[in-house]
Amino acid sequence: MPLSGEAIRTMNYVDDISVTLRRILAVLPSLTEEERKRVFEHIKHAEPSYDSVVAAVSGKQ
């Protein structure tokens, strides 16, 4: 069964998220401990979170 345009577009969004996460991982070693703490808090409180999206996709929400 072929995928709809919306499903393909959504998968492209996931690819974009992966690129962003790789960029974050590449930058982390250059941050100070304080900066890393602030980035951590920012990610922790971001909504929707990656985990909430995974839960919604899997039907566990």
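Structure first, text after, so check above.
Residues numbered from 1 in each chain as written. Predicted model: local features only at pLDDT ≥ 70, side-chain atom pairs only at ≥ 80, totals over all residues. Heavy atoms only, no water.

(A) How the structure looks around the pattern of salt bridges. Throughout the structure, instances matching the rule amount to 2 salt bridges. As a salt-bridge pair, Glu-6 and Arg-9 come within 3.1 Å of each other at their nearest N and O atoms. Residue Glu-6 and its partner Arg-9 are both found in helix α1 (residues 5-27); the two are separated by 3 residues, about one turn of the helix. What makes Glu-6 partly exposed here is its relative accessible area of 45%. Here Glu-41 makes a salt bridge to Lys-44, at a shortest N to O gap of 3.8 Å. (Salt bridge = Lys/Arg side-chain N within 4 Å of Asp/Glu carboxyl O. Helix = DSSP H or I, 4+ residues; strand = E, 2+ residues; numbered from the N terminus. Buried < 20%, exposed > 50% of the residue type's maximum accessible area, 1.4 Å probe, protein only.)

(B) Structural detail: the environment of Pro-48. Examined against the element boundaries, Pro-48 turns out to sit in the loop between α2 (33-44) and α3 (50-58). Distance from Pro-48 to Ile-24, taken between C-alpha atoms, is 18 Å for residues 24 residues apart in sequence.

(C) How the structure looks around a nonpolar patch on the surface. A cluster of nonpolar residues, Ile-17, Leu-21, Ile-24, Ile-43, Tyr-50 and Val-54, forms a patch on the protein surface that exposes about 520 Å² of accessible area. Of all the elements in the fold, those that place two or more residues in the nonpolar patch are α1 and α3. In terms of residue count, the dominant contributor to the nonpolar patch is α1 (3 residues). (Patch = residues over 30% accessible without salt bridge, like charges linked within 9 Å, V, L, I, M, F, W, Y side chains within 5 Å. Areas by Shrake-Rupley, 256 points an atom, 1.4 Å probe, with all protein chains shown as cover.)

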